[in-house]
Every structure is written in structure tokens, then in C-alpha cells.
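# Fold and contact review
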Amino acid sequence: MNVSVIIPAHNAADTIVETLSSLSAQTFDAWEAIVVDDGSSDATAERVTSFAGRDGRFRLLHQPQSGVSAARNAGVRAARFDWLLFLDADDWILPEYLERMAHVLTADHTLDAVYCGWVRVASNGVLVNESNWTETGDLFAAFGRTCAFAIHACVIRRSLVEAIGGFDSTLQVAEDWDLWQRIARMGARFGRVNASLALYRMRPGSSSVDGQRLLPDGLLVLKRGHSADPRVANPRPAYAHGLPADQLSNAALYLTCWSAGLMIGCGKDAQPLLDLVAGLWDPQLDPATAASILFEAVPLAIGRPPTAWHELWLDWEPNLHRFLQALESHSRSPGLCRRVCVVLERLVLAEADDRLPLTIGSTHGRCIEVTEPISDVLLDPAVERLYAAVKLEGEPIGVVDLPVCDGMVPARVLADAIAAQHYWPILGLFFNKTVYRHLMIERAPDGISLWRLTTRLAEKVVDGDRLSPAQLHDLIGWTVFLQELWGRPAWPHARFYDAAFAEPSGGPRRAAEGWLVVEVSEEPPEAEVAGEYLDVVMTAGGRPIGVCSLPAVEGIVSAHALRVAVTQAAGIELCRAAVREALLGSPLAAPETLRARLAAAARQRCPQSRRQADLALMDGAAERGTLAFSALVPGATDALSDALPTGEAGWVFARRPVGTIGTSVSRWAALPAAAVRELGQAARVAGEAVIRVGPDGAGPARAIYAPDLVWHSFRQGPPSTPASAHGARRVPDIAELEQMVPPPAESAAGSPARGAPKRAEAQEDQTRSDRLAILMYHRIAPSGGAATARYRVTPQAFEEQLRYLRDAGYYSVSLEQWQAAAETKQPLPGRPILLTFDDGDLDFLTCAWPLLQRYGFSTTVFLVAERVAGVNAWVNAFDETLQLLGWDEIRHLRDQGVVFGAHSASHLPLTSLTVADVVREGARARSIIERELGRSVTAFAYPYGDFDPVVQHLIGACGYVYGLTCRVGKSRFQDNLLALPRIEVAGTQQFQDFVASLA
């Protein structure tokens, strides 16, 4: 293989030596370099002649100044070899560049080009950023929207460059993008080297960072990519007319963001750029994409890396804000300016880790060391978000994002969030210091076994000597945790779940009124029960983590039965609570065991009484009477002091009765006092307790959700009786689901539906699934406007999809069933699926529900609570008004088995709202739907798929257990229940695309 390197040069004497030297240093010898001197008036020719005199592979051509495209085309005509590399006279490549690129091309003769990653280098030699495209093969879809790599990051067949006529000399910039696009349109196949081998020199004033010059030519290339291109004589048939024309606006506005970023970085007003995209608008612009584009482009304009943002934020922010406001209006994308800023602020703080604490816009960032005491975070009232970079003994382990309510993030809320998200690495480091170093290793030819005392923790571990501490912790950590928690270091994993195991215990302890507190750091007692079952308050470090019930045998519940019940009921929340109460805020190297630390924490917990006159239930009763502490379960009496320290006034929302341990029901949350009215209304409708602490007007009021505040109303009843509070539905267990799984069905015509697996194949697939496809539909209707075609599936197409699902053996499951499978790590049988509909269009009743019934599928519909019986005003940008379901229709569907969730109160993008308004949207939606339907609402679909960790936290605090996003993919066991992905079913996709999306 031989490569001709084409180097256009105009007055490049200062840089071309480094460029040519990088070629001389190549470990691959079969190349030639053709330098085309494009009318230089400096010493460029002399520098090249010097190289040519020492190495005959260098050649020098001269031409009058005609531009870089004409110079490259001249080089192509003079090239002797079949492969081309276009290298500008101020860039260079690493020594192994040609060798590695040639290796990929010679290994696969079907490739027409190969590319690598590339790095921008500032004028002072500092690496600004690294870019690595990852797609291979057919790249027309990529080049139709963007230039995927720098010109010298690719080696291409000469015949293809010649076939499409070389570079377009009418373009001042983006000529390389135009070339790649035309080549890709012909069906060229691209390979990839997974390394950054090309270096791109940043020069102030160059065309590549001139937004005003870039956008006009870039828009022309985009328009060519979304239409037919007569310059390409033999395009691949699928690309003869380019990418879909309705995608042009989206791509053009993102390109405008890039150009605007370059102008903003230079201190210029970028609003005039929007005149160049007049008539192009898109309400569906993704704020995260726009933010990432601006994040890269703004500092790039002055040759600075993204770390410069925190230094220059105040300089850039005014022009940035003005452009985003103008873009929001131009694109018709609701709340876009604030949504982009929220993402951008977080990106800036993530790059400024060593400069924290720091406030950027409305987001404050600071480092939290988990081995040091965690305190309240007090901030300016204008700050609404906390970006907490969590460190463990100085090493970063992740980030916690929390809302700032009324100028504060309470220490309790921060500690709970850290433990909830990062409990596992914290516990792992603690065990490395206290337990893992004392394990015994037994070696055998088929691997190693790990032993603790007489218990084998793992066996036949291949390459066990190479296990990292994190891998070791993942392998045996849960068993070791249970051993440490219960003080049974020699027990195997199964014994902690074996209720039949008999272990001697002390004398019985009578359960007062059927209640018993089990503190996990103490030996559980043998319980004497007057009734048929026992209600257990589970505590860790003295703090309640939930309630469970178990039956008594002849009036007795054994100690080990209590241990098993707590282990099973609390699950992973045991681990979170243990880390929060025993490990956070203190050095990990101290000699105490986990159990000893929890016991010490429990001893320090002493109930702090309050004057009953200061406590009142916010209830719908005739009068606000005082709160009797007897209404709380044992062990929960001091939760009020944890929520609001003595001397502070406010509202405390007690633990919700809907939602299992470990979900949002277990997470502490601060709430904005401005939204207490809406939160209180939602609590009253759901029958939940809210406590007013302190008299009205007693200083600044705060609001907090305190899951430790557990009420007697949580009494579960016999374990065999499903919870029925507020209309909760019983969830079939795995064994029952086995009986529900349908066999692959024949279609009505006696043969499988189009695209369905053959019966034998489908039956073989009836194993188990640890992933769940959650399908997202909007509207099922026969007709509608062209602008909303993506959100409208015809009844004919919908029926074809349902027929396929039925014939392929899919069956409906609920969110509760999926959660149960995830918590127990038990894959669901067969092919589970969940169908969801956003918005609640009236067409659902007439077009979708009859078909769902016919094919045997259930569904969840998400309602915009304050728009029920109205119209979908949020799609006004598309000039199409649709009627929504009314409450009578909704209750009719409820009675037929349709499940309803919330799609907010008014369908606003939530990251565009204040913290208080996010809570109002969530709380109002929940109270309205629950009041109208008389059933609990636990699922929330984020409008526009617009959410982030702060919104997710607030929606959970409003009482929702599940959050459904527009993030694409199947749900997995490890997914956060408040951030479940879905697969959108678009009206513009073909049937085969629908089938492929399920694969």
C-alpha cells in the first residue's frame, strides 16, 4: 500500500517544517508528499526544497494563489499512489499514523477509507480537546448532519476523490465536510483506528473558528446533504435524495449553535446568525446537545480548553444568554434558554473540580469528602442546584445533584443522597481496610477459592490474582455485608434467607400492641405475639428504615425469622442505611466493625421531646388538634428533630404509604416552602400525614420529607394479604407470571404475523428476560398534520405492531412487576413488555384501546392533569389542536383496566422551571388525578423527556415511585426507577424498524 500526502501551503514558512518533519518521522515508509505552494510570498518554498533535497519522497508544485481547494485538487492530479491523505501545512501527525491506518486498510479490502481521532492544539502547545468519532461502515447519515473528523484524520481512496470531482472550490470553509459527504453518498465504507493520531493547530482568526464565515457554507453543505446532489453521478440508491428533508431544521440549528459559540467566545453578539436560518425551526431541540455544542465551541474560539469556562463565565454569560433567548423564540422550543443553561452550568462545574467551591449561574458546586463530617450547605437564595463532587479519602467516586430549597441543603438530605448513590464503593473501601485483607485464598487448577473462617465466599475464580478491589467487592461484598451486619462472620449467604434454620436465642420479648423494633446492630429477640402476626419496625443505627410483617407460630416469632424477614424486606436499603449511619462523616480506618459503628450510632440516638403545642397535623379534620406521639411507630418519635432542629419552624411530610422500601419513599428530601400548599393538598388527597412544626409566623419556615416518620397506618396486615391502601393493586409474583406467559400465537390467517419469529424459535426464546422494552406512543389516529406525523401512528400500523407482539409471545407487565424482578434480580419469564401513551389524547379511547383489548395488552396512559377535557395546547408550535380525554372517559377506561400516571400538571419542560414550580407541577398532577380516580398515582412521565437528577429527586419527593423518560433503550435491573428508558414508536418508522427496535 502506498499513500500520497497532499499538502496545500500558503505563506506557511512558520509551521510547515513541523508538518513535513512529522512525515519524515513516520514508521511507515511507502508514502510521497506533494506540497502545493499556493502563491506564497514568504520562505515556504525554500523550507520545502530543503526537505526535498534530503528525501526524494517530497515534491514541490507551484500555482498562483487559488485557494486551498484548488491546491488540493492540483495535488490529487499529481499524485502517483492509490491512497490519499490531505494534510494542511500547519498540522501534523504522530509517527505511527500511516502504519496504523495502513494496517486497517490492508486487513479489510472492502474499506474505502480509514479515519482516526484528532486533537486540537493551542498556539502555546496546550492540548485543547480530543475528538473521536466512533461509527464505521456507512457514514452518510453522519456526514449529512456534521463533519465527523478533521481533514487530516482520514486516508481515502484516490479513485473516489476523483470520481466525485475533488474539492468544491466555491466553498470558503467546510470544503472537507462537503467532500466526505459526497464520498459517503456513493456508499463508501469507512474503517476506524481507535487512537488520536492527528494534531490540529489552533490559530486565532482562522476560518475554522470564524462563526460568521462558517455558517453560510456549512448551511449549504447541510442542505445538499438533505436533498439530491447532482454532483454525485452514482449515489447509493437510498441516498439519492439525501437525508429526510424534515431533519434539516434540526441539524441547521445545531450548526448555528456551533457558529454562535465561536462568536460568543470572541466576545461577539451571535443573535444575527439566526437571520441565516430564517424559516428553519424545531420545537424538539435537545438542550443537552445544544449545551454540549456551546460548551466545546465557546472556548475553542480563543484556543482555550473547556476548563477555561469557570474563569470566563462572567464575560461570556451575557452574550450566551441573549443568543439562547433568541434561539428559544426562533426554534419555538419551550424553555430552551434555561434548559440549556442548566446543563451548561453542570458541564462547567464538572471541568472545574479543582476550583470548587464555585457558583456558576444558578448552580453551586463543591467537594464533599465522605470521611469528614457532613454539614448543612447554606447558599444564596438565588442558587437552585447543588453539584456535589463526592470524594472518598480524596479520590472522586461520583456526583450528587440536589435541589437547593430556601437557600439550604440539609446535611441529612445530603448524607442520605450520598449513601443512596455511592454506598457500594464506600462500603468496598471500608471492607478493604477491615475484612478483605484477612480472607484466605485456596488455589486450584481451575481457579481460586476465597474463604472467611470456615465459609467459602467464592470458588473457581479464574484469574483471581488479577481481581481489582472493586471486582472482589462485587463478587463477595453482599455476603460479607450480611455477615458483618448481623455479626455472623462464618455464615454462608443462603443462611441469611433460610427461615427454617433454627438458632438458639434468648428469652422471648413481648411485642407491645403487636409492634416490635428490630435494630440490626443488636441481636434480634424471640418475639411473643398476642395476635396472628407481628409488625416489625426495622432500624439501622437507631433510625427507622421501614416496616414489615410476618406470621407468628403459636404466638412466637423466632429470632432468626426476624433476621430473615428484615433482610428480605429491606434488601439493598439495609446497605444504604448502614453506610449512611455508620460510615459517613468518620474515618474508615478506625478499628470498629460495621456492626459496632451502627450500635454506637443507635446509642447516641435519644428521643428529643417537643412541646405538643408546637405540633399540629395539617389535615382536613374539623380542627387542627395536637399530634399524639402514639400515632408514630416505636423508634420514630425523634424523626421530627432530625427533620427540623429545635428552634426551626416548618412542615414535615411523613413517610408515604405507597412505594416499597428503597424506592423514593425511603429518600430524604428538602422541599420548597413556596410549594407547601400544593404538597399539602396532594398529601390530604392521598391520606398522608403532614405536620406543622412551630406556630405560624415563627421565623423562616422550611419543608422536608422525612421517611423516618413512620405512622401506625403502615400496619401491613397478614403477610399473605396484599396492601390495599388507596387503591393499590396486587402484584403477581414470578411464579404466577409463569402461568400468564402466552405461547407464540398464530395470526388470524393461520400463519405468523409478518416479521414474527417462527413458532419453534419463539418457544425456545421463552426463557427469562432481565430487560424490559417500555414502548412510548403518543397518538393513534388515521390522519393529522404533517408536522406531527412522528407522534401519530395509524390504527392499521398499530394493529400490525400489536399482532406481531402477540404472535411473537410478548405479554404485558406492570411497573410494579418489573420493580419486583429488579429488586430480587429474578428475570421475568418469556417476553415481557410495557406499552405507554403520553398526553391522553381522545383518540386513545376510540382508536388505541379497542385494539389493545383485542390483542390482549394492558397499558399505562400519562395525563396532563390540568388539561384533561381540554386541548393539547403544548403543541401550538405545530399548528394542530387535538381534543384530550375527559374525566368520564378516563374513569370508564380505569374501570376497564387502564392504568393512569401523571404527565405533569401543564406539560412544561421541567428543567426550565424553578425548584418550587417543578414541585408544584408534580404535586398538583398527583392530587388532581388521585382525587378524580380514587387510586394512587405512582408513575410520572417527564414532559418532552426533560429531566435531570434534580428534577428526578423532586418528582420522587412529590410521591412518585417511577419516572419514565425519553432516553432510548430497554430498561435494565440497575436502572433508577425514576429514570427508566423507553423506546419511542414513531409514526414515521417502517414496520421493520419497529421490529428492530425490540431486538
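Our subject is the structure listed above.
Here goes a summary of the coordinates provided. (Residues numbered from 1 in each chain as written. Predicted model: local features only at pLDDT ≥ 70, side-chain atom pairs only at ≥ 80, totals over all residues. Heavy atoms only, no water.)

Right, let's get into helix H19 (residues 676–686). Of all 11 residues making up H19, 8 are buried, and the element is well covered by its neighbours. Listed as buried for H19 are Val676, Glu678, Leu679, Gly680, Ala682, Ala683, Val685 and Ala686. Looking at the buried side of H19, the elements it contacts are strand S27 (649–653), strand S28 (669–671), strand S29 (690–693), strand S30 (701–705) and helix H26 (915–933). Just downstream of H19 lies Gly687, where phi reads positive at about 75 degrees. (Buried < 20%, exposed > 50% of the residue type's maximum accessible area, 1.4 Å probe, protein only. Helix = DSSP H or I, 4+ residues; strand = E, 2+ residues; numbered from the N terminus. Contact = heavy atoms within 4.5 Å.)

The next thing to look at is the sheet that holds strand S22 (residues 526–528). Read from one edge of the open sheet, 3 strands run S20-S22-S25, paired in mixed fashion. Edge positions in the open sheet fall to strand S20 (508–510) and strand S25 (556–557), since each of these has one partner strand only. Pairing between S20 and S22: 3 bridges, direction parallel. Residue Arg510 lies in a different strand from S22, and its bridge partner there is Glu528. (Pairing = 2+ DSSP bridges.)

With mixed pairing, 3 strands are arranged side by side in an open sheet as S21-S23-S24. Edge positions in the open sheet fall to strand S21 (515–519) and strand S24 (543–551), since each of these has one partner strand only. Across the sheet, the mean angle separating the axes of adjacent strands is 30 degrees when strand polarity is ignored. For S21 and strand S23 (residues 533–540), the ladder comprises 5 bridges, and the chain directions are parallel. (Axes fitted to C-alpha atoms, helices over the stretch in contact; angles between N-to-C directions.)

Moving on: the pattern of salt bridges. Applying the stated criterion across every chain, the model contains 59 salt bridges. Ionic pairing is found between Arg385 and Asp948, a salt bridge with its closest N-O pair at 2.5 Å. Linking Arg385 in strand S14 (residues 385–392) with Asp948 in the loop between strand S40 (939–941) and helix H27 (949–957), this pair joins segments that are 563 residues apart in sequence. Judged on exposure class, the residue Arg385 and its partner Asp948 are both buried. We note a salt bridge from Arg920 to Glu678, for which the minimum N-O separation is 3.7 Å. (Salt bridge = Lys/Arg side-chain N within 4 Å of Asp/Glu carboxyl O.)

Now for the environment of Ile661. The topology assignment puts Ile661 in the loop between S27 and S28. The buried category is assigned to Ile661, whose relative accessible area is 15%. Residues Ile661 and Gln284, spaced 377 residues apart in sequence, show a C-alpha to C-alpha distance of 37 Å. Sequence-distant contacts of Ile661, defined by excluding residues within four places in its chain, comprise Met538, Ile545, Gly546, Val547, Ala569, Ala570, Glu573, Arg655, Ser666 and Glu823.

This next bit is on the pairing of strand S2 (residues 31–38). In terms of residue burial, S2 counts as a mostly covered element, since 8 of its 8 residues are buried. The alternating pattern of S2 places Trp31, Ala33, Val35 and Asp37 on one face and Glu32, Ile34, Val36 and Asp38 on the opposite face, and all of these are buried. In the sheet, strand S1 (residues 3–9) pairs with S2 via 7 bridges, with the strands oriented parallel. Bridge assignment links Val5 to a residue of S2, and that residue is Ala33. Of the crossover connections in this fold, the one passing from S1 over helix H1 (residues 16–24) to the parallel S2 is right-handed. In this view, the connection linking S2 to its parallel neighbour strand S3 (residues 58–63) by way of helix H2 (residues 44–54) has right-handed handedness. (Right-handed = clockwise from strand over helix to strand, strands pointing away.)

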